[in-house]
Amino acid sequence: MAIDKRVASAAEAMEGVRDGATVLVSGFGGAGFANVLIRALREHGPKELTLVVNSATHRLSLTHELIEAGMVRKVIASSARGRADGLSVFETLWRDGKIELECVPQGTMAERIRAGGAGIPAFYSPVGFGTDLAKGKEVRIFGGRECVLETAIVGDLALVRADVADRFGNLVFRYAQANFGPAMATAATLTVAEVRVAQEEPIGHDRIQVSGVYVNRVVAVGS
Amino acid sequence: MAALNRNQMAWRAAQDIVDGSVVNLGIGMPVLAADHLPAGRDVFFQSENGVIGVGPAAAPDKADGDLVDAGSRPITLRPGATVVDSVGSFGMIRGGHIDVTILGAFEVAANGDFANWDSRIPNKGPLVGGAMDLAVGAKAVWVIMEHNTRKGAPRLLERCALPLTAVRCVKRVFTDIAVIDVTPGGFVLRELLAGVAIDEFRARTGAPIAIAADLKALVAPALSDATA
């Protein structure tokens with residue numbers, strides 16, 4: 001049967017997502033937030049999720065809706081600070097011990113996800129050595145430099161925002177929309193992309209940024 | 001009291017950016033330095049969301065939500081620019097391909113340790129972002145910060161009190177009254193603002209500091225203050 005990964009709706013794209021899932025969510029710097037899929041996940045309603053997302057509190061991301069809905073047990077993020085003077089929903093739950101936070105340097109987070117998608121269970125990095133974020137982590141010296149052992153991140157579900165997909169699931173991104181998307185797409189059992197356009201016609205091989213091999217479902221959501 | 005404003009501090013840091021270099025500017029005061037680069041210096045500004053070759057801010061009617069920097073500001077691309085993903089961006093940072101990163105900080109220690117990510121505001125979540133990656137990966141780490149806290153406490157210290165961003169990495173500090181190098185022997189005062197006496201400077205600095213033999217006056221053009 002001819003491959004066609006396009007599905008009719010974001011709701012359909014959430015089929016099979018279960019309680020306890022680890023969910024990778026793209027978006028950083030104002031671009032690439034998979035907000036249509038985040039809302040569909042909220043409607044789908046799994047509990048006890050672990051979110052892997054650059055910021056737990058970004059004003060342009062809808063991840064806070066999952067947190068508000070009580071669906072999230074733990075967040076792995078490089079930022080968890082709300083912009084406002086008061087406390088964000090995340091910060092209130094965190095203060096009350098109702099949500100767990102693993103704060104990770106942003107590049108280490110990207111590399112842990114990359115490693116997860118590329119079959120590398122762990123690696124050493126100089127980033128974070130001597131800081132609170134490396135407490136309890138194994139340290140080894142390479143070339144005279146102290147390095148910290150970091151473990152790979154893999155997910156059950158990745159929610160990625162891209163610009164164009166074809167029916168094979170190949171993806172193209174606009175500008176800074178890519179950020180964590182390409183790595184996250186490789187590191188989850190089920191990768192779903194929301195795109196402006198999901199076309200029948202194959203994207204030219206020299207334009208594709210993520211191979212459809214990594215992408216399971218594609219939803220066209222418009223701009 | 002004599003002091004440079006934020007735009008003047010950013011201007012001073014920009015004067016030290018070498019022609020042809022690749023530079024990452026932190027959110028806030030550091031990013032202002034891009035506006036004050038001396039004419040004729042061809043520099044690539046990298047933003048950790050993957051933009052290599054950040055151009056001037058986009059005009060409001062030209063803003064594109066997908067073309068932003070790490071601080072979510074709508075930007076343009078300079079000629080020769082490219083955009084990569086987070087893995088590529090931080091590979092470039094960690095791999096030593098960034099010549100200079102200019103970061104904000106709360107505290108800098110005489111051995112080059114610094115603290116800029118967790119100000120210990122009760123119950124506010126941490127915000128480390130890419131600071132640790134930049135501090136470890138860039139060939140040179142420069143800091144722009146006010147010389148003292150609002151309460152007058154020194155930010156240049158023998159040891160940082162706040163949680164560290166990285167150890168032994170800061171090379172130069174631009175404050176509102178001075179330019180200081182961090183050397184294997186500790187702080188060295190390179191430039192001091194006219195009107196600030198050496199004794200006053202020492203009193204406002206929380207660690208021993210050597211005075212450079214060729215100590216210069218810190219000067220900056222008149223510039224309006226920035227709110228960024």
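## Re the sheet that holds strand 6 (residues 107-109) of chain B
All names here are of chain B.
Thought 1: Overall, mixed pairing links the three strands, which are arranged 7-6-9 in an open sheet. One side of each edge strand has no neighbouring strand; the edge strands of this open sheet are strand 7 (114-115) and strand 9 (156-157).
Thought 2: Relative to strand 7, strand 6 runs antiparallel, the two being bridged by two bridges. Note on strand 7: the bridge partner recorded for valine 108 is phenylalanine 114.

## Focus on the sheet that holds strand 8 (residues 140-144) of chain B
All names here are of chain B.
Thought 1: Taken in spatial order, the 10 strands make up an open sheet running 4-3-2-1-5-8-10-11-12-13, and their pairing is mixed. Of all strands in the sheet, those with a lone pairing partner are strand 4 (75-83) and strand 13 (209-218), marking the two edges. On average, each strand axis in the sheet is inclined to that of its neighbour by 30 degrees, with strand direction left out of account.
Thought 2: Sheet topology places strand 2 (residues 44-47) next to strand 3 (residues 51-57); two bridges connect them, and they run antiparallel. Directly across from serine 47, in strand 3, lies its bridge partner valine 51.
Thought 3: Here helix 1 (residues 6-15) sits on the sheet in contact with strand 5 (100-104), strand 8, strand 10 (170-174), strand 11 (178-183) and strand 13, set at roughly 160 degrees to strand 8.

## Side note on unusual backbone geometry
Thought 1: Here the phi dihedral of A:Tyr175 falls at roughly 45 degrees; this positive angle occurs in a residue that is not glycine.
Thought 2: Counting through the fold element by element, A:Tyr175 comes out in the loop between strand 9 (171-172) and helix 6 (181-186).
Thought 3: Of the residues examined, A:Tyr175 has 20 C-beta atoms within 10 Å and is grouped as buried.
Thought 4: Of note in the backbone geometry, B:Asn123 takes a positive phi value of approximately 70 degrees without being a glycine.
Thought 5: Position of B:Asn123 relative to the elements: it lies in the loop between strand 7 and helix 3 (131-137).
Thought 6: On the basis of neighbour count, B:Asn123 is assigned to the exposed category, with 11 C-beta atoms found within 10 Å.

## Points about the confidence of the model for chain B
Thought 1: On average, chain B scores 96 in pLDDT, and the residues at 70 or more come to 99%.
Thought 2: We note a pTM of 0.97 for the whole complex and an ipTM of 0.97 for its interfaces.

## Quick word on the packing of helix 5 (residues 106-117) of chain A against helix 2 (residues 86-94) of chain B
Thought 1: At a minimum axis separation of 9 Å, helix 5 of chain A and helix 2 of chain B run at an interaxial angle of 120 degrees. Here helix 2 of chain B runs oblique to helix 5 of chain A, going by the angle between their axes. Two packed elements cross with a definite hand, and for helix 5 of chain A against helix 2 of chain B that hand is left-handed. Listed contacts from helix 2 of chain B to A:Gln106, A:Gly107, A:Ala110, A:Glu111 and A:Arg114 of helix 5 of chain A are B:Ser86, B:Val87, B:Phe90, B:Ile93 and B:Arg94.
Thought 2: Across the contact of helix 5 of chain A with helix 2 of chain B, the residue classes break down as four nonpolar, three polar and three charged.

## What to know about the interface of chain A and chain B
Thought 1: If you look at the interface, chain A gives 43 residues, while chain B gives 35 residues.
Thought 2: Those elements that provide at least two residues to the side of chain A that touches chain B are helix 4 (89-95), strand 4 (100-103), helix 5 and helix 6 of chain A.
Thought 3: With six residues, helix 5 of chain A is the single largest residue contributor to the side of chain A that touches chain B.
Thought 4: Partitioned by chemical class, the residues of the side of chain A that touches chain B number 21 nonpolar, 15 polar and seven charged.

## Focus on the environment of B:Leu215
All names here are of chain B.
Thought 1: Along the chain, leucine 215 turns up in strand 13.
Thought 2: Taking the C-alpha atoms as reference, leucine 215 lies 39 Å from serine 72; in sequence the two are 143 residues apart.
Thought 3: Ignoring anything within four residues of it in the chain, the contact list for leucine 215 reads Leu189, Arg190 and Leu192.

## Considering helix 2 (residues 35-44) of chain A
Residues and elements named next belong to chain A.
Thought 1: Among all positions in helix 2, only Val36, Leu37, Ile38, Ala40 and Leu41 are buried.
Thought 2: Taken together, the buried residues of helix 2 touch helix 1 (10-13), strand 1 (22-25), helix 3 (63-68), strand 8 (155-166) and strand 10 (188-199).
Thought 3: Within two residues after helix 2, glycine 45 carries a phi angle of roughly 85 degrees, on the positive side.

## Re the environment of A:Leu93
All names here are of chain A.
Thought 1: Here leucine 93 is to be found in helix 4.
Thought 2: Along the sequence, leucine 93 and glycine 70 sit 23 residues apart, while their C-alpha atoms lie 9.4 Å from each other.
Thought 3: Apart from the residues within four sequence positions on either side, leucine 93 is in contact with Ile67, Lys98 and Ile99.

## Details of the nonpolar core
Thought 1: Core analysis: the largest hydrophobic core is formed by 148 residues, its most contacted members being A:Leu37, A:Val75, A:Ala158, A:Leu159, A:Met184 and B:Val143.
Thought 2: Of the residues forming this core, the biggest block, seven residues, is contributed by strand 8 of chain A.
Thought 3: Sequence-distant contacts of A:Ala158, that is, excluding residues within four places in its chain, are made with A:Leu24, A:Met184, A:Ala185, A:Ala187, A:Ala188, A:Thr191 and A:Val192.

How each quantity is defined
- Residues numbered from 1 in each chain as written.
- Chains lettered and ligands numbered in written order.
- Predicted model: local features only at pLDDT ≥ 70, side-chain atom pairs only at ≥ 80, totals over all residues.
- Pairing = 2+ DSSP bridges.
- Helix = DSSP H or I, 4+ residues; strand = E, 2+ residues; numbered from the N terminus.
- Axes fitted to C-alpha atoms, helices over the stretch in contact; angles between N-to-C directions.
- Contact = placed C-beta atoms within 7 Å.
- Buried ≥ 20, exposed ≤ 12 C-beta atoms within 10 Å, placed from the backbone.
- pLDDT = per-residue confidence, 0-100.
- Parallel < 35°, antiparallel > 145°, perpendicular 65-115°, else oblique.
- Left-handed = near helix turned anticlockwise from the far one by under 90°.
- Nonpolar A, V, L, I, M, F, W, Y, C, P; charged D, E, K, R; others polar.
- Core = buried A, V, L, I, M, F, W, Y, C linked by C-beta atoms within 7 Å.

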